[in-house]
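Examination of the molecular architecture
For reference, the chains in residue letters:
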Amino acid sequence: MSTRIRLGALGLMALPLLTTACTSGGAGPNPRTSPSTAVPVRQGGSIVIGAEQEPDCTDWIASCATSIWGTYIMDVPTIPRVFEPKKVDGKWAPVATNVLASEPEVAAGPPQKVTYRINPAAVWSDKKPITSADFRYTALAIRDGKDVLDRTGYSHITKVDTPDPKTAVVTFDTPYANWKHLFSGLLPQHLLDGKDRGALMKDGYSWSGGPWKIESWKKGVSVVLVPNKNYWGDKPKLDKVTFQFTADTAAAFQAFKTGQLDALYPTPQLDSIDQIKNGLPNANSVVDPESGNLEGLWFNNAKAPFDSVDFRKAVSYALDRKAIVTRLYGALGVTKPAQSVHTPLVGKYGGTDFARYTLDQAKVDSLMKGDGWAKGSGGIWEKAGKKATFTVSTMTGNKRRELTEQILQEQLRTAGFEVTIDNTSAADLFANKVPKGNFQLGLWTLVDTFPLPSLEASFSSSAIPTAKNGYAGLNMSRIDLPGLDKALNTAASSLDDSTRVEASRKADKLLADSAATLPLDVIPNVLLWNKKIGGPLAVDPARGPFWNLAQWGLAR
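Reading the values: rules and limits
- Residues numbered from 1 in each chain as written.
- Predicted model: local features only at pLDDT ≥ 70, side-chain atom pairs only at ≥ 80, totals over all residues.
- Heavy atoms only, no water.
- Disulfide = S-S within 2.5 Å.
- Buried < 20%, exposed > 50% of the residue type's maximum accessible area, 1.4 Å probe, protein only.
- Phe/Tyr/Trp six-rings, centres within 6.5 Å; stacked < 30°, edge-to-face > 60°.
- Pairing = 2+ DSSP bridges.
- Helix = DSSP H or I, 4+ residues; strand = E, 2+ residues; numbered from the N terminus.
- Expected span 1.5 Å × (residues − 1).
- Contact = heavy atoms within 4.5 Å.
- Axes fitted to C-alpha atoms, helices over the stretch in contact; angles between N-to-C directions.

**Description of the state of the cysteines**
Per the stated rule, a full pass over the model turns up one disulfide. Across a sulfur-sulfur distance of 2.0 Å, Cys-57 and Cys-64 are joined as a disulfide pair. Sign of the S-S torsion, about 80° for the bond between Cys-57 and Cys-64, identifies this disulfide as right-handed. On the basis of relative accessibility, which here comes to 3%, the residue Cys-57 falls in the buried class.

Structure, rendered in structure tokens:
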């Protein structure tokens, strides 16, 4: 239900060789200009899909729900949404779903009001209608509840009126441009109100408002989905889908090649791309660079040594990002680093302000000396008896990121910085260390899950996790810059798109001016599936690879 979520997977730059490519059979990349066309399927049967990560919980509004894989495999298939991304005239845009009977009515105000008319056919899996009470419960649970990961937008809701069961009227205290992103997950008031939502939902739940239900979640092993027989939309073709947790990419590929797994959404490690290039037997694949995934270096702005602007800039000038990308992916023709904190999904709102950060040892020396550092023994910067040393953290077992860390170590050592690696599990990193600020330099991905700009969720000072707010919020880098909140608020509140573009690009520039973070590369989406699977398979850059799982089936 968050606009931006941390992701511990994926990782490859937009590939000229594989751009919007769909490959088939045992051949290498066979670029085509569109995703897989629909293959006729039959009713019934089951498939097994490899899942690289296991979520910590399924209470989707809580701070434990940080894994994008949880969104992919259980949230999207079971939770009703009022808007979803779709391509309109070739561009991604939010489109009303079958939860609504019509487009919402917007009164600009002040105060701004949005009226939702709910589809009379929309029901939960127990046949209870989806009503305006569900809208009110969801909004207030996020606005006022404890242990909420991200209140972006909901904090501006003053009230939700329910004049009848199928009409909800939401009133805002200030214009809110991203209102279509709200209610990207409705919760059932009749099942949760007055109860301990976290206890009822965190380990899976038996109800559904989507085409699938969670039949079982065996921790460490698998999640099983079965059709929601009372879903009012198109019902699933398959009888059962099993997501089998397979964290090791090499093992997952081997299982896929031997037929133990029928589909994969793999981390695009170099060896995995090589396998796709060389061709996988009896398999189809799609690689789409139009993703919402941005890999970056995330400085902890509140912790030494990265609480110093000059230090952050020095580190940024000490890195040759072009060389990093080239060394990782040069064989695939990939050499361009990302120059904005906006992903391609919201690319028009971003600039190129991070392009200034190219390798420049003279600037490193000037910045470090200006900050009181001097080269000590072994060529490492020293200040007040302390060396310029710090740790870099990511999740264990990700070979591409481990290689990236090694390259970082090499480049930074040459520039006079000493880096040690402090990796841990994805669960520990994102549920414990990072929210509590127990890191110095992080390497992971931010994911845009909606085709509208939402930097305020990741970079506003109000989104900094603290003990006081229960470590909720997505500003893990603890960024708090003069003027940034104002720019982010303008981007979030203006109903004029040109104003939003201008404000979003200003935010990009402020982040670059202070080297608050450093983007590395955009990561494409990769999906592999056995030819026995049919249906219109394609990756949705916002909802992931399984957004249309109900249409998948065994090929006739």
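Additional details are given in the paragraphs that follow.
**Remarks on the packing of aromatic side chains**
This model, assessed by the stated rule, comprises 29 aromatic pairs. When the ring of Phe-299 is compared with that of Phe-306, the centres are 4.9 Å apart and the planes differ by 15°; the resulting orientation is stacked. Under the relative-accessibility criterion, Phe-299 is labelled buried at 0%. Taking the centre distance of 5.5 Å and the plane angle of 65° together, the rings of Phe-439 and Trp-444 count as edge-to-face.

**Structural notes on the sheet that holds strand E16 (residues 374–375)**
Sheet strands pair via backbone hydrogen bonds, and the direction of the pair is either parallel or antiparallel. With antiparallel pairing, three strands are arranged side by side in an open sheet as E16-E17-E18. On the outer flanks of this sheet lie E16 and strand E18 (386–387), each paired with one strand and no other. Pairing of strand E17 (residues 381–383) with E18, which is carried by two bridges, proceeds in the antiparallel orientation. Pairing of Lys-383 across the sheet is with Lys-386, part of E18.

**Looking at helix H14 (residues 497–513)**
Relative to the 24 Å expected for 17 residues at 1.5 Å per residue, H14 spans 24 Å between its end C-alpha atoms, a close match to the ideal helical length. All buried positions along H14 are accounted for by Arg-500, Val-501, Ala-503, Ser-504, Ala-507, Asp-508, Leu-510, Leu-511 and Ala-512. Structurally, H14 contributes buried residues whose contacts are with helix H12 (455–459) and helix H13 (484–493). Positive backbone phi, approximately 50°, marks Ala-515, located one or two places after H14.

**Some remarks on the sheet that holds strand E8 (residues 113–117)**
Read from one edge to the other, the open sheet built from four strands follows the order E7-E8-E10-E9, with strand pairing classed as antiparallel. Taken across any chain shown, the strands that pair with only one partner, and hence form the sheet edges, are strand E7 (105–107) and strand E9 (157–164). Taken over all neighbouring pairs, the strand axes of this sheet differ in orientation by 15° on average, direction set aside. As defined by bridge partners, E9 adjoins strand E10 (residues 167–172) across five bridges and the pair is classed as antiparallel. In the sheet register, Val-160 faces E10, and the bridge partner there is Val-170. Relative to E9, helix H2 (residues 132–144) is tilted by about 165°, and along the sheet it contacts E8, E9 and E10.

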